[in-house]
Each structure stands twice: as structure tokens, then as C-alpha cells.
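Architecture and fold: a report
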Amino acid sequence: MATSEKISAYERVQAARSSARPMGGHYIKHMIDNFIEFHGDRRFGDDAAIIGGIGFLNQKPVTVIAMERGNTIEERMKRKFGCPAPEGYRKALRLMKEAEKFKRPIICFIGSSGAYCGIDAEKRGQGEAIAENLFEMMGIKTPIISVIVGEGGSGGALALGICDTAIMLENSVYSVISPEGCASIIWKDSSKAPEAAEALKLTSHDLYDFGVIEKIIVESDRTTEEICSDLKSAIISEIFSKEKMSEEELLSARYEKFRKIGA
Amino acid sequence: MKGIFDFLKIGADKTEVLCKKCGKETSRAKLEENYMICPECGAYLRMGAYERLEMITDKDTFEESDKDLKGGDPINFPGYDKKLDEARKNSGLPEGVVCGTAEIGGIKCALFVMDSKFMMGSMGSAVGEKITRLFENATKQKLPVVGFTTSGGARMQEGIFSLMQMAKVSGAVKRHSDGGNLYITVLTDPTTGGVTASFAMQGDIIIAEPGALIGFAGARVIEQTTGEKLPAGFQRSEFLLEHGFVDIIEERRRLKYTIANILAIHKK
């Protein structure tokens, strides 16, 4: 692979979507000890597009919420290719509230083309589920670290993205709309997705420059093990620094992190 | 965007309008008298922000805030500056939301009213900033907030800045709520995408106008992606009421009365 500066925005989009790219489940497996998965939103059902549970990060109890699209075709069908339904976001919020009660930091892994798009998802309030997460996560009193590991697709990604520190893997992307969607709406031509990807400024380097994310984990010339290990160290150090803050300081810094963006 | 009424076919003087739904003509004056509802078939015309404010607030009580606040072109998106100029010219508005304070039934509140004439009420940085400031001021002054939503969703020409407005506004709504203050949202046609997935659905009380399109994903996108046939009335107010996502569907002519009543019941 070329050096990081020479990769085009659309090449990064493709890297972020690559079926070989590890998603949330991989990072849980390689980063969290004694992980126990918890299921269900206690309202409607369990959404396999989001894995939630508890475990140890370097001997520290944490709650982990991770988007996962699966590896085999069967698993991908079951996990809806990683596109969460309302019950997935509600499960995530339930587990975050539990983390708050037991004073555990929360780690969110984001990698999805977006919230699940379907009749049932609308029936069960896809918009309301995301809205509720944005609202409640602004008030969760323990540190939240969000890591974009794949495609950070719009509101469906942001629903796990209200955090104290946002980290992106270098070749992940984070955007308000897919380049294909943007190209087809603006230029009536989805084949102009590479131009749209460029225009949307959706790479980790763009978002770092905008102050939307705080950290980039370098990927070029690194193995998946090295990337995972760098990411683990970054998360540990972020949790360590956020835990030194009082609840009030933490929430006010979280508010300001988003308050300063735009106009 | 002229909603369901076709002004252009009738002539530039705009005194007569044609309802696209029933195809009948009506006079502009008659339409205004009738709360911008077609007197022939009962269809709801999309309302501009100032028309809405006139309908909802007590006479001469509205004080506008951040009237001239505009957003920039944060990601230098091709053609966006031109598009903004056009939107301003065509709508006569600097941005897609009007904010301020007013009295409704004698009770002071903070209001925001989105306007679909401005780039389909899409959420750019200026829209997010204006609504955030409104909530921050309402929190300080302990005022209830009444918000009218209409939006096609994100303003994609602002990229990640558009997406982050959902987070920014949500933070301000949360603080307002934590202060024990009331937030009423009125969902009007259409309320979709990122606005539905943030402040439209964060009200303590959620009211919808009859027949309004309200949803997260676009109906056509759902049909194309899943191949499923959409049920009748999909993503309309009545569908959301049935599935438990709005408190009340209220007729336009009764909206002011109902909002005033809710404000009175919550008066401290």
C-alpha cells in the first residue's frame, strides 16, 4: 500500500469497507479479557449488529459496545451486514446506563454503513432510538471512548459516537452520507462517488484537522496486531486521563467538545 | 418548494392557487383564512416560518434572535456558496430556521420554526448553532421551548459539520431538560433524516400535524434497498401514532390552543 498521504479519499472508503477489515468483534477478542456478551434491549429483541458486554481492559472493568457485520455470509445475514436496528441502539443505551451505575468506562467501536434501513426499523422508531442515544449519552457520567474502525455512516454511527474522546483508525472514514448517495443526489450520478468522497472530507486526517476527532491510529505499514496494540494503549491512556476528571468536569468537557463544532 | 399547491400554473399575481391534490382552484386569501389548508379537500400546505409564527404566537410578542446568523462553507464543497446564494434569494431567508421568544396564550416561551423553503430545511451549521443558542438561552431563563420541525435531513454540502449539529443540539436539549424545563416539538411535513434522529424526537411532548411525512430513512431508499412494498400510510403521522412515537396528532386550527393549554398546565 502507498504511503498514507497518497491514498485517495475513495481508496480509504474502500479500505474502510473491505470485507477483510476487522470490525468491532475483532477488537473485543484481542483487547478485552474475560469478555461476557449481554443480549437484548429488554423491550423488543436482540440485535446482532451490535455486540455489547463487559470485561477487563488491562485489569480494568469496562463496558464495550461494538458494531459487527460478521465474516461468513450466514453471519452477515444474521448481523444485517452491521446495520443496527432500533433495538440495537436501545440495547447499547441499556448497557451504557448499567456501566454508569457501576462506574465503568464505556468503549464504543463504530463500523457500519449506517442504521438499518427497512419498514420494521421505521415501525420501531429508528429515528427515536438514535435521538434517545444522543440525548442520554450527553449525560452518562462515566468516560466514553468511541473508536471508528470501519465506515462511520451518518446518524447510525453517531448514535454510538457521543463521547469524550473520538479515535479513528487511519483508513476508517466518518461521513454524513455515503459518497455514492452524495454523488447521486448532487450530481445525479453515483459513479462520481470518488469525487464526492474527496469533497465530503471524510478521512481521519480531515476530521482530525477539523477538530472533530482527537486521535488517529496509524495503519500504513502496520500489522493488524500492531494496530490493535496501539489502539489498546490509546484507549487505556484516554480512560486514565478522563477518570481523573470529576463527573461535572467530564460532562462539561463532553458538551464543549460538540458545542464548538460549526458556525 | 411550493408544497401541494401550484402557484406557477395560475400566474404571477398569485391571487389564485391550484391544489395539487384535488386539482381545484382557491384564492390565496381564502387559503390564508383557512390556516393554509385547502378549503376544497382539506390538504395541508407547507407553511413558511413567519406564517407559522403569526399563526401560533400572540400578536406582536415575537422577538427574533440571531436573525442574521449564517453558516459558512466549512468543507469548501463544490458549488455550495452559489447554492446558498440561490437559497437565500428564493426563500428570502438567511437560513433554514427562525428562532426567538414569544408568548402563546400569554405564556412566554422560546420558539424555533424550521422552513422547508430554505434548502428543504436541511441541517447545516447555522441551523444547529441557532437552535443550540435558543436552548442555551431558554435554559438560562427557564423558558419552555416550542419547536416546529420540517427538514429533508442533513445538509450534505457541510459534510461532518452537518452530522455534528445533531450531537450539538442534543447536548443543549439535554441541559434544558436537566433544568426541569418543558420542550414541545411539533412535527410538520416533512420531518426526516437527522432531524428526526435528534431534536424532533427529543421533546417531552411530541405533537404531529395530520398526514405529515415523518421518518428516518427515505421511503424510496427503503423500497430500493429491501425490495419490500411499503404499507399504505407508511411514515405518516397516523402511522407514528399507531406505533407509539407521537403523543398527539393535532389539527392545524387547534394547534395554538393545544400548545397554550400544555404550556398552562406546565406553568411554574
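An account of the accompanying structure is given in this report. (Residues numbered from 1 in each chain as written. Chains lettered and ligands numbered in written order. Predicted model: local features only at pLDDT ≥ 70, side-chain atom pairs only at ≥ 80, totals over all residues. Heavy atoms only, no water.)

1. Considering the overall build of chain A
The helix and strand tally for chain A stands at 12 helices and eight strands. A compact globule built from 263 residues would reach a C-alpha radius of gyration of about 18 Å, and chain A, at 17 Å, matches this within 12%. Overall size of chain A, expressed as C-alpha extent along the three principal axes, is 50 × 40 × 40 Å. A buried classification covers 59% of the 263 residues belonging to chain A. Considering only contacts within chain A whose residues lie at least 6 apart along the sequence, 71% involve residues at least 24 apart. Accessible area of chain A: about 10,500 Å², with a carbon and sulfur share of 52%. On chain A, the mean spot of the 35 positive side-chain charges and the mean spot of the 39 negative ones are 3 Å from each other. (Helix = DSSP H or I, 4+ residues; strand = E, 2+ residues; numbered from the N terminus. Rg over C-alpha atoms; globule rule 2.2 N^0.38 Å. Buried < 20%, exposed > 50% of the residue type's maximum accessible area, 1.4 Å probe, protein only. Contact = heavy atoms within 4.5 Å. Areas by Shrake-Rupley, 256 points an atom, 1.4 Å probe, with all protein chains shown as cover. Lys, Arg positive; Asp, Glu negative; His and termini not counted. Charge placed at Lys NZ, Arg CZ, Asp CG, Glu CD.)

2. Side note on the pairing of strand β4 (residues 106–112) of chain A
Residues and elements named next belong to chain A. A large share of β4 lies buried, amounting to seven of its seven residues. Burial of β4 is two-sided: the residues I106, C108, I110 and S112 facing one way and the residues I107, F109 and G111 facing the other way are all buried. Across four bridges, strand β3 (residues 60–67) lies against β4 in parallel orientation. The residue bridging A66 from the neighbouring strand is F109, located in β4. (Pairing = 2+ DSSP bridges.)

3. Things to note about the side chain of T57 of chain B
Residues and elements named next belong to chain B. Following the sequence through the fold, T57 ends up in the loop between α2 (49–56) and β4 (63–65). Overall, T57 belongs to the buried group, its relative accessible area being 8%. At a separation of 2.6 Å, a polar atom in the side chain of T57 contacts the main-chain carbonyl oxygen of L53. Not counting chain neighbours up to four residues away, the residues in contact with T57 comprise F62, A102, E103, I104, L111 and K256. (Polar contact = N/O pair within 3.5 Å; in protein donor to acceptor, adjacent residues only side chain to side chain.)

4. Here we look at the sheet that holds strand β10 (residues 248–249) of chain B
Residues and elements named next belong to chain B. Spatially, seven strands are ordered β4-β5-β6-β7-β8-β9-β10 in an open sheet, and the strand pairing comes out mixed. What marks the edges here is a single partner per strand, and that holds for β4 and β10. Two elements, strand β9 (residues 205–208) and β10, share two bridges in a ladder whose sense is parallel. Bridge assignment links I207 to a residue of β10, and that residue is I248. Packing against the sheet, α2 makes contact with β4, β5 (97–104), β6 (107–114), β7 (145–151) and β8 (183–191), and its axis sits at approximately 155 degrees to β6. (Axes fitted to C-alpha atoms, helices over the stretch in contact; angles between N-to-C directions.)

5. Describing the interface of chain B and chain A
At the junction of the two partners, chain B supplies 52 residues and chain A supplies 45 residues. Where chain B touches chain A, the interface holds two salt bridges. The partner of E136 of chain B in a salt bridge is R259 of chain A, with the nearest N and O atoms 2.7 Å apart. Scanning the region where chain B abuts chain A turns up 12 residue pairs in polar contact (both at pLDDT 80 or more). (Salt bridge = Lys/Arg side-chain N within 4 Å of Asp/Glu carboxyl O.)

6. A few points about the pairing of strand β6 (residues 165–169) of chain A
Residues and elements named next belong to chain A. The buried fraction of β6 amounts to five of the five residues, a majority that puts the element mostly inside the structure. Looking at chain direction, β6 and strand β8 (residues 215–217) are connected through three bridges and run parallel. Across the sheet, L169 pairs through a bridge with I217, a residue of β8.

7. Side note on the pattern of salt bridges
For the structure on display, the rule yields 35 salt bridges over all chains. Close ionic contact of K257 of chain A with E214 of chain A constitutes a salt bridge, the shortest N to O distance being 3.0 Å. Taken together, the residues span a long stretch of sequence, with K257 of chain A in helix α12 (residues 247–259) and E214 of chain A in the loop between α10 (204–210) and β8 at a distance of 43 residues. Of the charged contacts, one joins D58 of chain B and K256 of chain B as a salt bridge, the two residues approaching to 2.9 Å between their closest N and O atoms. Pair noted here: D58 of chain B is in the loop between α2 and β4 and K256 of chain B is in helix α9 (residues 252–265), with a separation of 198 residues, a long-range link. K256 of chain B gets classed as partly exposed once you look at its relative accessible area, which sits at 27%. Ionic contacts of the salt-bridge type, sharing partners, join the residues R259 of chain A together with D66, E129, R133, E136 and K168 of chain B into one network.

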